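# Coordinate inspection notes
The chain contents come next:
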Amino acid sequence: MDITFINVGYGESILITAEEKEREDGQFVMLIDGGSAMDSEYQGESGRIRALDFLSKKRIRHIDLLVFSHVHEDHTSGLVPVIGKIPVRKFWTSVHLSPEHYGKCITPQHNLSETNFKALDSINNYSRLMKILTDGDVTWLDGIRPSYFCTGDLSIDVLGPEPGYREKVDESLDRVFTASSDEALNAAVTEVTETMNNASMVVRLHYKGCSVLLCGDTNADGFRHILDTAPELLKADVFKIGHHGQADSVSEELLHAVNPSFIVCCASNDHRSNSTSEKTFETIRRTLGEEKITCLFQDGLYAERWNPETAPRNGVTVHIEDGVVSWYLS
Ligand SMILES: [Fe+2]
């Protein structure tokens, strides 16, 4: 199984392929999120690449399972061109938008902050996604569901979001679509933005003796329901930490429960919004021990930080085969 953390700049898009001979193209193809759609995110010599361009480069012609983590621009908007070009068989989301809002596009009159304009753009894109995908196999998921889906050698646990976070987001989203003034719209969009990270879908993959924990932007608080009830379900060899490695992304308790050998952080090389925070990596070193952990970053620069001549890459791939985890730059 290959898990590629595509270098979409500040954002996330993760391509997972697992050999399965009887399937089309001989493999099961899964995608989590699509990164940003903003032109500015892909400019410069950073090795950044749009999710659709990366999938085309890898000759991906179908997606068996598209997992949508949460409604933020850096995860949502890059999916719109993907689903316009590549057929999707199954779609999992935790965010329940009322069907009467599918395809609706909210246009603010004025007065929205830059942050909220971006947030509204992602909400509009989510409603576009739902309109396009609603004829397909769409499943709304939250809570803890071990071994929810199995195919070939791969099984997937759904571990989050905690239903309370998901319900809050659903209510706030409804207010966005029914707001009668810019003030009401601003307030509703702010609510969505502030509660959204911990409404991210959390999945754990098992493949040939290894586990991989992928949690969208869930921060340490968003794991409370699992830590309190079934912490053993968090154990994983590879942990893609939440919220781009910002200061709230991990805690000692969470790291002890996961106890990974590999940590992956999806963040832009400009360390925007205090992503790849020093506090986060200090907590990782203190809890797990520096020598035990390999930290990978999606642009490859950090993964090869001992070699400054290395060109930035389109992503980092974690390869799992017969119980062994290795990695290479894509
Ligand atoms: Fe994010």
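Below or above, wherever it landed, is the structure these notes cover. (Residues numbered from 1 in each chain as written. Predicted model: local features only at pLDDT ≥ 70, side-chain atom pairs only at ≥ 80, totals over all residues.)

This next bit is on the packing of helix α4 (residues 114–133) against helix α6 (residues 182–196). Interaxial distance between α4 and α6 falls to 10 Å at its minimum, and their mutual angle equals 75°. By the criterion of interaxial angle, the relationship of α4 to α6 is roughly perpendicular. In this structure, α4 uses Thr115, Asn116, Ala119, Leu120 and Ile123 to contact α6, whose residues at the interface are Asn186, Val189, Thr190, Val192 and Thr193. Counted by class, the contact of α4 with α6 contains five nonpolar, five polar and no charged residues. (Axes fitted to C-alpha atoms, helices over the stretch in contact; angles between N-to-C directions. Helix = DSSP H or I, 4+ residues; strand = E, 2+ residues; numbered from the N terminus. Parallel < 35°, antiparallel > 145°, perpendicular 65-115°, else oblique. Contact = placed C-beta atoms within 7 Å. Nonpolar A, V, L, I, M, F, W, Y, C, P; charged D, E, K, R; others polar.)

This paragraph deals with the nonpolar core. By size, the foremost hydrophobic cluster in this structure holds 89 residues, and its most contacted members are Val67, Val192, Val203 and Val264. With six residues, the single largest contributor to this core is α4. (Core = buried A, V, L, I, M, F, W, Y, C linked by C-beta atoms within 7 Å. Buried ≥ 20, exposed ≤ 12 C-beta atoms within 10 Å, placed from the backbone.)

On to the sheet that holds strand β9 (residues 202–207). Paired through backbone hydrogen bonds, the strands of a sheet run either parallel or antiparallel to each other. Pairing within the open sheet is mixed, and its seven strands lie in the order β7-β8-β9-β10-β11-β12-β13. Across the chains shown, the open sheet's two edge strands, defined by having one partner strand only, are β7 (145–151) and β13 (294–297). Adjacent strand axes in the sheet meet at a mean angle of 20°, parallel and antiparallel pairs treated alike. (Pairing = 2+ DSSP bridges.)

Quick look at the packing of helix α5 (residues 163–178) against α6 now. Where α5 meets α6, the axes come as close as 8 Å, and the angle between the chain directions of the two elements is 160°. In terms of orientation, α5 lies roughly antiparallel with respect to α6. Here α5 and α6 pass one another in a crossing that is left-handed. The residues of α6 that touch α5, namely those facing Tyr165, Lys168, Val169, Ser172, Leu173, Arg175 and Val176, are Leu185, Ala188, Val189, Glu191, Val192, Thr195 and Met196. Here the residues of the contact of α5 with α6 sort into nine nonpolar, two polar and three charged. (Left-handed = near helix turned anticlockwise from the far one by under 90°.)

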